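Architecture at a glance
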Amino acid sequence: MRNFIFHNPVKIYFGEGQAVHVAEEAKSRPGAVLLVYGGGSIKRNGAYNDVTAALREAGNEVIELSGVTPNPRLDKVLEGVKLVKEHGVSLILAVGGGSVIDCAKFISLGSGLGEDEDLWDDYVETGKPAPENLVPLGVVLTTAATGSEMGDAAVLTNWARNRKLGYTSFPLTPKFSVLDPTYLLTLPDEQTTYGFVDMFCHTCEQYFSLPSDDNLSDEMAEAIQRHILRSWRACRRHPRSYEARGNAMWDSTLALNRVISRGKEEDWVTHGIEHALSAYFDIPHGAGLAVVHPHWMKYVYASRPEATARFARWAVNVWGVDSTGKSEREVAEEGIERYVDFLRLVGAPLTLPEVGIPSDSATLDKLADHAGEVGGSYRHITRDDARAILASCVTSVVF
Ligand code: NZQ
Ligand code: ZN
């Protein structure tokens with residue numbers, strides 16, 4: 001196990017009706033609340049009503065910032081920063097999915113910067129740690145996908161420059177998150193699928209990395225993956241089941257609250273390449289991951305003995321592959337094939353053409369340039385490796 005620090009102080013309110021706690025959270029921070037949301041789904045799933053009722057009870061002034069888009073953009077963040085400064089906001093409340101939460105995290109960061117500092121150039125591009133004592137952030141979650149509700153990461157797109165970058169810094173961590181599964185009952189099938197792809201991918205990017213020692217993190221990652229697959233099937237069968245949605249919501253939070261990455265190197269290459277796809281083509285994050293992830297797997301599974309062994313273990317423990325009489329490599333390949341078959345079954349896109357991205361040489365070059373030297377654990381992925389992975393995404397994975 002590698003050395004680690006674990007510090008995750010997010011207070012979680014889980015279950016139906018838990019948005020009432022927004023009242024006490026707001027009351028304890030006297031001043032204006034900036035209510036951040038997207039295109040209006042929160043007015044159809046009940047979250048807006050619940051949150052505004054709680055805020056009325058608390059008595060804080062409420063300023064609304066709506067219209068956050070999926071793959072949130074810098075200009076919306078700057079609009080929010082202006083509102084925070086004008087109204088002396090004491091709590092930023094994100095009500096929505098990962099995009100709304102991330103936009104709110106960057107509003108919090110942007111509001112804490114000096115006049116001579118630039119949010120994009122000085123922080124997002126460089127990864128410079130955020131200052132302490134930012135305007136606190138609360139979350140009311142409406143998707144099961146990103147884990148942003150219990151983490152210090154956020155992702156932002158600078159559309160003018162076609163850049164989509166992840167940024168991680170502890171002060172961005174929400175103070176509290178309300179996870180009420182009833183808000184997920186309105187999620188369209190497509191969005192449900194993208195969310196599941198995202199959380200599954202998150203668990204993999206922690207699990208498929210060195211060191212290959214005996215680590216509880218890996219056992220937990222396998223358990224979460226098996227559970228994600230069960231929740232996924234249940235949500236497909238019963239999209240309006242509270243239990244199925246509740247499981248999906250908690251699965252996604254545990255998939256990226258850093259518990260299963262403790263002691264691990266982690267390997268976020270698939271996310272790095274996906275960000276390039278969204279930066280230029282604005283596709284849903286989960287759709288891009290579904291295209292890239294199995295191709296990354298094929299690229300690395302035989303790159304070193306530890307990788308093959310880990311993929312074989314995954315095939316058996318997560319996908320139920322029978323290893324009798326098969327080589328480790330054959331078992332590993334069967335696991336990846338089962339994953340691809342599952343993605344196909346649930347209607348996830350598997351190739352660049354399926355998400356409307358052309359695969360001509362110039363496009364592959366610019367996507368690879370964005371991905372750059374992505375790094376990785378089992379296999380170090382250079383810009384040219386990223387291009388090779390992208391080139392393989394023209395067709396679906398076969399062995
Ligand atoms: O805008 P509204 O009207 O709210 O509609 C949204 C949006 O169109 C809709 N939606 C959300 N909740 C709904 C709903 N529709 C019906 N019922 C509901 N309950 O869904 C659409 C997508 O929302 P979005 O927030 O974009 O989805 P998601 O939660 O998947 O977030 C994706 C974003 O998070 C980033 C992604 O890159 C992407 O920008 N990520 C953030 C991470 C983090 N902060 O740690 C990690 C992830 O790997 C990911 O990269
Ligand atoms: Zn993700």
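Nothing here was measured: the structure is a model prediction, and the numbers come from that model.

**Observations concerning the packing of helix H14 (residues 361-371) against helix H15 (residues 383-392)**
Geometrically, a packed helix pair is captured by the angle between its two axes and the distance between the axes. Interaxial distance between H14 and H15 falls to 8 Å at its minimum, and their mutual angle equals 135°. One element, H14, and the other, H15, form an angle in the oblique class. Considering how the two elements wind past one another, H14 and H15 form a crossing that is right-handed. For the pair formed by H14 and H15, the contact residues are Ser361, Leu364, Asp365, Leu367, Ala368, Asp369 and Ala371 on the first element and Arg383, Ala386, Arg387, Leu390 and Ala391 on the second. Looking at the contact of H14 with H15 residue by residue, the class counts come to seven nonpolar, one polar and four charged.

**As for the UniProt feature "domain: Alcohol dehydrogenase iron-type/glycerol dehydrogenase GldA" (unreviewed entry) in the protein chain**
As recorded in UniProt, the feature "domain: Alcohol dehydrogenase iron-type/glycerol dehydrogenase GldA" (unreviewed entry) lies at residues 9-181. Helix makes up 33% of residues 9-181 and strand 24%, and the two end C-alpha atoms of the span are 22 Å apart.

**Overview of the nonpolar core**
Grouped together as the largest cluster of nonpolar side chains are 108 residues, with contacts concentrated most on Leu34, Ile92, Ile107, Leu109, Phe311 and Trp314. For this core, the two domains that each supply at least three residues are domain 1 (11-183) and domain 2 (189-393). Apart from the residues within four sequence positions on either side, Trp314 is in contact with Phe200, Cys204, Tyr207, Phe208, Gln225, Met297, Trp319, Gly335, Ile336 and Tyr339. Formed by 22 residues, the second largest nonpolar core is a distinct cluster that contains Tyr13, Ala19, Leu55 and Phe176.

**Notes on the UniProt feature "domain: Fe-containing alcohol dehydrogenase-like C-terminal" (unreviewed entry) in the protein chain**
Residues given the UniProt feature "domain: Fe-containing alcohol dehydrogenase-like C-terminal" (unreviewed entry) here are residues 193-392. With 67% helix and 0% strand, the stretch residues 193-392 has end C-alpha atoms that lie 23 Å from each other.

**Observations regarding the coordination of the zinc ion (ligand 2)**
The expected angle between donors at a tetrahedral four-coordinate metal is 109.5 degrees. At an octahedral six-coordinate metal it is 90 or 180 degrees. The protein atoms donating to the zinc ion (ligand 2) are Asp198 (OD), His202 (NE2), His271 (NE2) and His285 (NE2), with metal-donor distances spanning 1.9 to 2.2 Å. All donor residues of the zinc ion (ligand 2) come from one chain, and their arrangement in sequence is D-x3-H-x68-H-x13-H. With Asp198 in helix H7 (residues 189-207) and His271 in helix H10 (residues 269-281), the pair connects residues that are 73 residues apart, well separated along the chain. The burial state of Asp198 is the same as that of His271; both residues are buried.

**Remarks on empty space enclosed by the protein**
According to the stated counting rule, one finds one cavity of 30 Å³ or more in the structure shown. What the largest cavity holds in volume is close to 50 Å³. Around the largest cavity, the lining residues are Ala144, Leu184, Leu187, Gln191, Thr192, Phe196, Met199, Cys235, Arg245 and Ala248. Those elements that provide at least two residues to the lining of the largest cavity are H7 and helix H9 (242-255). Here the lining of the largest cavity takes four residues from H7, the largest share from any one element.

What counts, and at which threshold
Residues numbered from 1 in each chain as written. Chains lettered and ligands numbered in written order. Predicted model: local features only at pLDDT ≥ 70, side-chain atom pairs only at ≥ 80, totals over all residues. Heavy atoms only, no water. Axes fitted to C-alpha atoms, helices over the stretch in contact; angles between N-to-C directions. Helix = DSSP H or I, 4+ residues; strand = E, 2+ residues; numbered from the N terminus. Parallel < 35°, antiparallel > 145°, perpendicular 65-115°, else oblique. Left-handed = near helix turned anticlockwise from the far one by under 90°. Contact = heavy atoms within 4.5 Å. Nonpolar A, V, L, I, M, F, W, Y, C, P; charged D, E, K, R; others polar. UniProt positions renumbered as here; feature names shortened; annotations may be inferred. Core = buried A, V, L, I, M, F, W, Y, C linked by side-chain atoms within 4.5 Å. Buried < 20%, exposed > 50% of the residue type's maximum accessible area, 1.4 Å probe, protein only. Domains from an automatic or database assignment. Donors = N, O, S within 2.8 Å, 3.2 Å for Na, K, Ca; no water. 1 Å grid on protein atoms, 1.4 Å probe; cavity = no way out; pocket = protein on both sides within 12 Å on 5 of 7 lines; lining within 4 Å. Points joined across faces, edges and corners; volume = space filled by probe spheres on them.

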